[in-house]
Amino acid sequence: MKKILVFILITVVTASFCTHFTFAATKTKSISDLQKEQKNLKSNKNQTQNLLEQTKSQKESVFSEIEKLNSTLDQVQDELDKINAQLEDTTKLLGDTQNQLKKAQDEGDHQWQTLKKRLRFMYENGRISYLQVLIHSKSFSDFLNRIEYMSCVVKYDQNIFDKIKKNEAVIASKKEEVEKEKQNIEVLVSNQVAKKHSIQSAKEKKDAMLVKLSQEEQKYIVQLDELEKSSKSIEKMIRLAQEQANKQKNARVYTGGKFGYPVPGRYQISSGFEYRKNPFTGKNTEFHSGIDFPAPTGTNVVAAADGVVVGASYVNGYGNAVIINHGSGYSTLYGHNSKLVVKVGDEVKRGQVIAKAGSTGRSTGPHCHFEVRINGKPVDPAPYLKK
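Predicted model only: the values in this text are computed from it and were never measured. (Residues numbered from 1 in each chain as written. Predicted model: local features only at pLDDT ≥ 70, side-chain atom pairs only at ≥ 80, totals over all residues. Heavy atoms only, no water.)

## Notes on the overall build of the protein chain
Within the protein chain, the secondary structure is distributed over 5 helices and 14 strands. Split into buried and exposed, the 387 residues of the protein chain put 35% on the buried side. As displayed, the protein chain offers around 23,300 Å² of accessible surface, 53% of which is attributable to carbon and sulfur atoms. (Helix = DSSP H or I, 4+ residues; strand = E, 2+ residues; numbered from the N terminus. Buried < 20%, exposed > 50% of the residue type's maximum accessible area, 1.4 Å probe, protein only. Areas by Shrake-Rupley, 256 points an atom, 1.4 Å probe, with all protein chains shown as cover.)

Okay, structure coming up:
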């Protein structure tokens, strides 16, 4: 049963971390390399800061343009409201004028019918009418007065008819003017609506641009924050490296002797210092820069030799990792721990517990990923290990 469990552990533990080497490589760089990296970071920060300032300036400019467009849009809307009000008044006036013209036409028709009836009656009964007027007249002067009265009635009807027709012509002319005015206002409304749509379209484009610039601004802010953190981390590394350099002047020098095993009593490995298939995809061949020792979660992980802790944090790929500087360019790395029990700056002795085994980071099962590096370059740990 134990053999089966060991076999399962061996087949499921992780292994390759050559693509996640940033932390370990950085921690073992020389002071001059770190200073160069710090200089590059400063240059990147300046470039990003310039891009951020440019983006902010563009954003302010676009925002100002949007405010102007909003102001113009309000003015255009006010003008459109006024023109629509004029159109409404003109439409009402046109309706009133049409009613007046209809009324005048009806009155003219009525007056003309009345006049025609009287003229027809007088034409058809002219002699009788004059005879009746003569018979009923009290005197000759009364007769003349009656004749004159009849003529006046006819003239009166004619005058009224003429006035009605003249008024009808005036109203018709006014109606034509109002119709032309309405057409002109409708053109103004159409032009104003087109102008409004044009401004709205321009504003929508500016709004979209503002959103894009805001996103870029946030991206540069995040980048600056990350660069600032990296810069501070590099500064810390430089200080630590300088401190270690000063300590090592009077400290013992590691001569490349044997390292102790990182997991006491566990010498079986699940993956060596070699090229192999990706344990997750089983397809791509990749280089495994260390040795994996299967161990249950919580198992003690110890320092392979005396040294100073220069790294103790979570690292992409490696999970919770510890890096120990042993002097003379030698360093060791312990990855995928469930818990770290040392911190940067701690001096540790060979066999001292530094972490608890686990499966954090890019891992398929609990184990200790162990690396040996000389001047930052990974080497096969096997020749350096001694029980």
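On we go.
## Here we look at the environment of K387
Relative to the helices and strands, K387 resides in the segment after β14 (385-386). In sequence terms K387 and G260 are 127 residues apart; their C-alpha atoms lie 6.1 Å from each other. Residues in contact with K387, not counting those within four places in the same chain, are Y261 and Y267. (Contact = heavy atoms within 4.5 Å.)

## Some points on unusual backbone geometry
Even without glycine at this site, S328 takes up a positive phi of about 55°. A relative accessible area of 35% places S328 in the partly exposed class. Even without a glycine there, the phi angle at N375 is positive, about 55°. One can find N375 in the loop between β12 (367-374) and β13 (377-379). Owing to a relative accessible area of 61%, N375 belongs among the exposed residues under this scheme.

## Section: the packing of aromatic side chains
This structure, assessed with the given rule, holds 5 aromatic pairs. Judged by centre distance (4.8 Å) and plane angle (85°), the rings of Y261 and Y267 are edge-to-face. Among the residues examined, Y261 registers a relative accessible area of 19% and is labelled buried. Residue class for Y267 comes out partly exposed when judged on its relative accessible area of 37%. Look at Y330 and Y384: their rings are 6.2 Å apart centre to centre, the planes differ by 65°, and that puts the pair in the edge-to-face class. Remark: Y384 occurs in the loop between β13 and β14 and Y330 occurs in strand β8 (residues 330-337); sequence separation between them is 54 residues. (Phe/Tyr/Trp six-rings, centres within 6.5 Å; stacked < 30°, edge-to-face > 60°.)

## A short note on the sheet that holds strand β11 (residues 353-356)
Read from one edge of the open sheet, 3 strands run β5-β11-β9, paired in antiparallel fashion. Edge positions in the sheet fall to β5 (300-302) and β9 (339-340), since each of these pairs with one other strand and no more. One ladder, built from 3 bridges, connects β5 with β11; its direction is antiparallel. Along β11, the bridge assignment pairs N300 with K356. (Pairing = 2+ DSSP bridges.)

## Remarks on the pattern of salt bridges
Enumeration according to the criterion identifies 7 salt bridges in this entry. Residue K180 pairs with E176 through a salt bridge whose shortest N-O separation is 3.8 Å. Placement of both K180 and E176 in helix α5 (residues 140-250) is noted, with a separation of 4 residues, approximately one turn of the helix. (Salt bridge = Lys/Arg side-chain N within 4 Å of Asp/Glu carboxyl O.)

## Remarks on the pairing of strand β7 (residues 319-327)
With 9 of 9 residues buried, β7 lies mostly within the body of the structure. Turn length for the strand β6 (residues 307-315)-β7 hairpin, with the two strands adjacent in sequence and antiparallel, is 3 residues, and the turn residue G317 shows positive phi of about 90°. As paired strands, β7 and β8 are joined by 6 bridges and run antiparallel to one another. Bridging across to β8, G327 finds its partner in Y330.

## Digging into the environment of N184
On the secondary structure map, N184 appears in helix α5. Sequence separation of N184 and L87 is 97 residues, and the distance between their C-alpha atoms is 9.3 Å.

## Digging into a negative patch on the surface
Taken together, D74, D78, E79 and D81 make up a surface patch of like negative charges. With respect to the helices, strands and loops of the structure, D78 is situated in helix α3 (residues 31-124). (Patch = residues over 30% accessible without salt bridge, like charges linked within 9 Å, V, L, I, M, F, W, Y side chains within 5 Å. Lys, Arg positive; Asp, Glu negative; His and termini not counted. Charge placed at Lys NZ, Arg CZ, Asp CG, Glu CD.)

## Observations regarding the environment of S230
Structurally, S230 can be placed in helix α5. Residue classification places S230 among the partly exposed positions, given a relative accessible area of 33%. C-alpha separation for the pair S230 and L41, spaced 189 residues apart in sequence, amounts to 7.7 Å.

## Overview of the side chain of T48
With respect to the helices, strands and loops of the structure, T48 is situated in helix α3. A polar atom in the side chain of T48 sits 2.8 Å from the backbone oxygen of N44. If sequence neighbours within four positions are ignored, T48 has contacts with Y220, Q223, L224 and L227. (Polar contact = N/O pair within 3.5 Å; in protein donor to acceptor, adjacent residues only side chain to side chain.)

## What about the nonpolar core?
F259, V322, I324, Y334 and I354 are the most contacted members of the largest nonpolar core, which totals 26 residues. At the level of secondary structure, the elements contributing two or more residues to this core comprise β4 (291-294), β7, β8, β11 and β12. Ranked by the residues each element gives to this core, the list is headed by β12, at 3 residues. Residues within four places of I324 in sequence aside, it is in contact with A303, G307, V308, V309, Y330, S331, T332, Y334, V348 and I354. (Core = buried A, V, L, I, M, F, W, Y, C linked by side-chain atoms within 4.5 Å.)

## Describing the pairing of β6
Bridge count between β6 and strand β10 (residues 347-348): 2 bridges; the pairing is antiparallel. Among the inter-strand pairings, G307 is bridged to a residue of β10, identified as V348. Where β6 meets β7, 7 bridges bridge the pair, whose relative direction is antiparallel. The residue of β7 that forms the bridge with G311 is I323.

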